[in-house]
Amino acid sequence: VGNVRKNIFLAYKTLGVVFGGLVTSPLYVYPSMNLSSPTEADYLGIYSIMFWTLTLIGVVKYVGIALNADDHGEGGTFAMYSLLCRHADIGILPSKRGYSEEEPFLHEQSATAIRPSKLGKFFERSITARRVLLFMAILGMCMLIGDGILTPAISVLSAIQGLRAPFPAVTQPVVAFLSAAILIGLFLVQKYGTSKVSFLFSPIMAAWTFTAPMVGIYSIFRYYPGIFKAISPHYIVHFFLKNKKEGWQMLGATVLAITGAEAMFADLGHFSKKAIQIVFLSSVYPSLILTYAGQTACLINHLKDTDQENIGKVFDDAFYKFIPRPVYWPMFVIATLAAIVASQSLISATFSVIKQSVVLDYFPRVKVVHTSDENEGEVYSPETNYILMVLCVGVILGFGGGQAIGNAFGLVVIMVMLITSIMLTLVMIIIWRTPPVLVAAYFVPFVIMEGSYVSAVFTKFTEGGWLPFAISMILALIMFVWYYGRQKKTEYERANKITAERLGELLAKPEVQRVQGLCFFYSNIQDGLTPILGHYIRNMSSLHSVTIFVTLRYLLVPKVDPQQRIAVRRLGPRGVYQCTVQYGYADNLSLKGGDDLAARVVSCLKQHVEAGADGQSSPVSAEEEAADLEAARAAGVVHVRGKMRLYVGDDAGWFDKVMLRFYEFLHSICRSALPALGVPLQQRVEIGMLYKV
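All of these numbers come straight from a predicted model, not from anything done at the bench. Every chain is numbered independently, its residues counted from 1 as its sequence is written. Only residues with pLDDT of at least 70 are given local features in this predicted model, and only at 80 or more are side-chain atom pairs given and counted; all residues enter the totals for whole chains, interfaces and linings. Note: side-chain values were computed over all heavy atoms of the structure, leaving out hydrogens and water.

### Quick word on the overall build of the protein
Just so we agree on the cut-off: Helix and strand assignments follow DSSP, with helices taken as H or I runs no shorter than four residues and strands as E runs no shorter than two, numbered in order from the N terminus. Whether a residue is buried, partly exposed or exposed follows from its accessible area with a 1.4 Å probe, protein chains only, as a fraction of its type maximum: under 20%, in between, or over 50%, in that order. Residues are treated as being in contact if the distance between any of their heavy atoms lies within 4.5 Å.
When helices and strands are tallied, the protein shows 25 helices and eight strands. Here the protein holds 693 residues, and the buried ones make up 58% of them. Expressed as a percentage of contacts within the protein between residues at least 6 apart in sequence, the contacts between residues at least 24 apart total 84%.

What follows is the structure in structure tokens.
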């Protein structure tokens, strides 16, 4: 009984977080269409396409299959990528591959891994295939960010469009400016977090999910009771045979009916699979089917209005046209609030995706703030927020009408779904070991259907579709340059790393003194010491009495057990230790409960020293070593972060010169990890070093 109540409560909450974009799609699907001289059969064909799209992609693909491809409760493109990387050695960056036997918790989470399949072995052998897979994961993330730009723009603009029917003096530019003002206000309150207003999200979306289909049922009985005969697929065949190229191009608008379905999978980490399935099948799916049926019935009834002069106005007003006058203003208020909630859902999802990309080191480090102590998934990124705001307002004021934004939106929606289908197929083959017949039964129809949508959407490339494509390519370029620069830097550090023996030689020099205090020295490599250390000792002629080399390691798992967060070991010379702080991509980097990094690490070191866990002999007793730790901490703590700057030599190729200079620019503007760890400003020291590539 307890689990049933929990699932029902979670299902109610998902309405306001997960399904905002999907259930508000009736606001802009028909307004995004442009069909000349439509007939009754055309409308029945359009409704049949939307019905089967919602059924096959929404029910079969996402609810039935994709929700099972989670990475220990986390969903989305990156979660599937990390799942594949753990079950086959197909990662790219060295830090994401080759997990050691010293990480039992990771092996426990991968216990289902068995001998790689033939496809898995192919990916392991082919660096090109691995890069293509990484590019797909990156592109899926970039497209989701594009969704975060376009959903607020098209949702709010379509809702405010309802002012034009009762007030003809309200022009399209006025609607655009009002929509922009609402979105600016929404973005400006993001820094306060959504927890203070999130309790309103589900009631608003519940009101929308209930009232929209009620109006739909009213329209069905009043205008066209036989609308559900369109469920028969032969209406789709007739639609394409009659309209040919124009009907195929119409797919670019009908695909918007499934907008937001990807959120079911992407937001899986915040809710349970059962809760998402319950709310989609019991409320969201029936609501959409009935709402679209009511809209279509109303449009069929208004066929007399659809001459060439009025066709544009009929489609622009397609949602509010089927709202009865007595409930017009209540529905306008509910629609506007629902559009704002839908916008918030995608903005929050964008913050989460950026955070995952940053911690996996696939994106430049931007500031990420956790705005809720209870919900780890509730994050805010100031830079991302204001860039989204500028782009959203620019889209509204630049495009003006909903049809051009719909063209852009369609590309985002279907590209994310096609990437999910391809990666889901890889999961079936490499991890689930699904029989080939069943894999083909999934892959062939869905790729044909989604491929048809993609081809139709690209015909609108010059009419707005270029925008998300351009944004995604820019983001993908930034991510690729960041990856390339980080790879070059890692190669240099590994080639020039300082061993424990070399460190002993440096400390044995007479001019080098051991000064009292505790020093945290941050490094990117784990099987040695950063070359910046030699540069530091030569310039400072000293090293603190207790020096801990800290590596922040992000693993391709959602969360790491807090008890296994910090791993420590001795490095040889007295008072020198190696510390690895391990995080999953869904973990909160910040240390909570008033406990700072120094206290956590010193506590772990004390336990390690007293237990003699690594089996290495120490020049002093455990009691003396523990006393040294406390004395060093009492003397003062300093955090040293090395900044290795690339120096591109004249003998480097043009590709290296361009890529690495762009990387240096990105590196110069990205933020340090120390503030995220709660390191006070007065304890931070940065050491710069040039290295030639």
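### A word on the packing of helix α8 (residues 172-188) against helix α17 (residues 382-399)
In plain terms, the rule: Axis definition: a line fitted to C-alpha atoms, limited for helices to the stretch in contact. Angles are taken between N-to-C directions and run from 0 to 180 degrees. Roughly parallel covers angles under 35 degrees, roughly antiparallel covers those over 145, roughly perpendicular covers 65 to 115, and oblique covers all other angles. Nonpolar residues are Ala, Val, Leu, Ile, Met, Phe, Trp, Tyr, Cys and Pro. Charged residues are Asp, Glu, Lys and Arg, and all others, Gly as well, are polar.
Between α8 and α17, whose axes approach to 9 Å, the crossing angle comes to 175°. Taken together, the axes of α8 and α17 lie roughly antiparallel to each other. Contacts from Ala176, Phe177, Ser179, Ala180, Leu183, Ile184, Phe187 and Leu188 of α8 reach α17 at Asn385, Tyr386, Leu388, Met389, Cys392, Val393, Ile396 and Leu397. Residues of the contact of α8 with α17, tallied by class, amount to 14 nonpolar, two polar and no charged.

### With respect to the packing of aromatic side chains
Going by this rule: Here is the rule: rings of Phe, Tyr and Trp (six-membered ring for Trp) pair when centre to centre is within 6.5 Å. Planes less than 30 degrees apart are stacked, more than 60 are edge-to-face, and the remainder are tilted.
Counted according to the given criterion, the structure contains 22 aromatic pairs. Their ring planes at 80° and their centres at 5.5 Å tell us that Trp329 and Phe332 sit as a pair that is edge-to-face. Taken together, the residues span about one helical turn, with Trp329 and Phe332 both in helix α16 (residues 328-359) at a distance of three residues. You can call Trp329 partly exposed: its relative accessible area is 37%. Arranged with centres 5.5 Å apart and planes meeting at 75°, the rings of Phe461 and Phe469 form a pair that is edge-to-face. Among the residues examined, Phe461 registers a relative accessible area of 29% and is labelled partly exposed. With a relative accessible area of 29%, Phe469 lands in the partly exposed category.

### Side note on the nonpolar core
Note the following rule: By nonpolar core we mean a set of buried residues, namely Ala, Val, Leu, Ile, Met, Phe, Trp, Tyr and Cys, connected to one another through side-chain atoms within 4.5 Å. An automatic or database domain assignment supplies the residue ranges for each domain.
Core analysis: the largest hydrophobic core is formed by 175 residues, its most contacted members being Phe19 and Trp208. Sorting elements by how many residues they give to this core places helix α7 (residues 127-160) first, with 20 residues. No fewer than three residues from each of domain 1 (1-467) and domain 2 (497-692) sit in this core. Those residues in contact with Phe19 that sit more than four places away from it in its chain are Thr14, Met264, Ile276, Val279, Phe280 and Val284. Counting residues in each nonpolar core, the second largest holds 22 residues, with Tyr554, Ala598, Val601 and Leu605 among its members.

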